Amino acid sequence: MKLFEGKTVLVTGSTRGIGNAVALAFAREGAKVVLTGTSAVKAAEAAQAVSSATGAEVLGIELKVDSAADCSSAVEKTLKAFGSVDILVNNAGITRDNLLIRMKEEDYDAVLNTNLKGAFLMAKAVARPMMKQRSGRIINITSVVGQTGQAGQANYSASKAGLIGLTKSLARELAPRGILVNAVAPGFVRTAMTDALSEDVKKEISGMIPLGGPCEPEAIADAVIFLSGPGSSYITGQVLAVNGGMYM
Ligand SMILES: NC(=O)c1ccc[n+]([C@@H]2O[C@H](COP(=O)([O-])OP(=O)(O)OC[C@H]3O[C@@H](n4cnc5c(N)ncnc54)[C@H](O)[C@@H]3O)[C@@H](O)[C@H]2O)c1
């Protein structure tokens, strides 16, 4: 029997990058997978690709996590299609980097609304069904810069540090209902988000990593799978760093 047979997982922002690798990993392990994208077409295409590769039952949903209405509707659609929502992976995230004095208020708000408020809204939307089930897992994708801070990323670092606080508070609040809440903190992962960095910056970051350079999105998916499975049933409120030793 596969690890997640009979379980439903919803992964936000899963049309590419880390979210897509996470969705694929769950599908390979027998889960029913809900993939979400900011466009309905991209979400449907990504879901179809995961289904073709694995044979898993999938659903593609358009979801903007900064919209409360979208979040509750995504969970309703999941429940309608698959009957339960067992695992939520809050992966959707954006950057709008700039130095403090040049950072526009709207760029601060956009990053906080997507990365932090989005995770709050999604957690709120799944809380009731998970509480009824008396079981569930919520995994928040934070970042090494939420732990260390980063010049030029005041908005992003604040959102990711906020996610760690959210993780710990929800872990305490939901533990009596059998819901475990943890975070994964990636370091430097090869995705579209980091492709946007200059070669110089990529080199500089790689130089700070004892294991030598970026990882692939699958390395993050492995950690999410662990924190969602039976092997982590006594772990809650933790931040699992997957960063090649970049921050210890
Ligand atoms: N790549 C890295 O090195 C790295 C390091 C640490 C943390 N992370 C985090 O991992 C997560 C995934 O990042 P990635 O590197 O795969 O980047 P990515 O840009 O490839 O993927 C981000 C996903 O989020 C989606 N998204 C953006 N705004 C959204 C919104 N308002 N509502 C719903 N979805 C939205 C995008 O459509 C995309 O699918 C992010 O939370 C990111 O902050 C990435």
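The structure reproduced in this document is the subject of the present report. (Residues numbered from 1 in each chain as written. Predicted model: local features only at pLDDT ≥ 70, side-chain atom pairs only at ≥ 80, totals over all residues. Heavy atoms only, no water.)

A look at the nonpolar core
Taken as a class, soluble globular proteins show a tendency for nonpolar side chains to be buried jointly. Operational definition: Here the nonpolar core consists of buried residues drawn from Ala, Val, Leu, Ile, Met, Phe, Trp, Tyr and Cys, with membership extended through side-chain atoms lying within 4.5 Å. Partly exposed residues are those whose accessible area sits between 20% and 50% of the maximum for their type, while under 20% is buried and over 50% is exposed, using a 1.4 Å probe and protein chains only. Strands are runs of DSSP state E lasting at least two residues, helices are runs of H or I lasting at least four, and both sets are numbered from the N terminus onward. Whether two residues touch is decided by their heavy atoms; if any such pair falls within 4.5 Å, the residues are in contact.
Grouped together as the largest cluster of nonpolar side chains are 32 residues, with contacts concentrated most on V9, V22, F26, V33, V89, V184 and V224. Elements represented by at least two residues in this core include exactly strand 1 (8-11), helix 1 (17-28), strand 2 (32-37), helix 2 (40-54), strand 4 (87-90), strand 5 (136-141) and helix 9 (217-228). Those residues within four positions of V184 in sequence are excluded, and the remaining contacts are I139, N140, I141, T142, I220, A223, V224, L227, L240 and V242. Of all hydrophobic cores here, the second largest spans 27 residues; its members include L63, V65, L121 and V126.

What about unusual backbone geometry?
The residue R134 is not glycine, and still its phi comes out positive at about 60°. Along the chain, R134 turns up in the loop between helix 4 (105-133) and strand 5.

Structural notes on helix 2
Condition: Residue count minus one, scaled by 1.5 Å, sets the expected span of a helix. This arc describes the spread of directions from the helix axis toward the C-beta atoms.
With 15 residues, helix 2 should cover 21 Å at 1.5 Å per step; its first-to-last C-alpha distance of 21 Å lies within 8% of that length. Looking at helix 2, one finds that the buried residues are A43, A46, A47 and V50. For helix 2, the angular spread of the buried residues around the axis is 100°, confining them to a single face. Residues of helix 2 that are exposed and point more than 90 degrees away from the buried face comprise V41, E45 and S52.

Examining the site of the ligand
For clarity, the threshold we go by: In this text, near means that some heavy atom of the residue lies within 4 Å of the molecule or strand in question. Contacts described as polar in this section are N or O atom pairs within 3.5 Å, which, within protein, must combine one atom able to donate a hydrogen with one able to accept it, while residues neighboring in sequence count only if both atoms come from side chains. To be clear on the numbers: accessible area is Shrake-Rupley with a 1.4 Å probe, and residue cover counts the displayed protein chains and nothing else.
What surrounds the ligand is a group of 27 residues, the closest being R16, N91, Y156, V189 and T191. At a separation of 3.4 Å, an oxygen atom of the ligand approaches a polar side-chain atom of T15. Taking V65, its main chain carries an N or O atom lying 2.9 Å from a nitrogen atom of the ligand. Burial of the ligand by the protein chains amounts to 93% of its free accessible area of 830 Å².

Topic: the packing of helix 1 against helix 9
Between two packed helices, what matters for the description is the angle formed by their axes and the separation of those axes. Cut-off, in case you're wondering: Think of each axis as a best-fit line through the C-alpha atoms, taken over the contacting stretch in the case of a helix, with angles from 0 to 180 degrees between the N-to-C directions. Any angle that is under 35 degrees is reported as roughly parallel, and any over 145 degrees as roughly antiparallel; angles of 65 to 115 degrees are reported as roughly perpendicular and all others as oblique. Crossing handedness is read from the near helix: turned anticlockwise from the far helix by less than a right angle, it gives a left-handed crossing, and turned clockwise, a right-handed one.
Axis separation between helix 1 and helix 9 bottoms out at 8 Å; the angle between their running directions is 50°. In terms of axis orientation, helix 1 runs oblique to helix 9. In this structure, helix 1 crosses over helix 9, and the sense of that crossing is right-handed. Of the residues in helix 9, those in contact with G17, I18, A21, V22, A25 and F26 of helix 1 are P217, E218, I220, A221, V224, I225 and S228.

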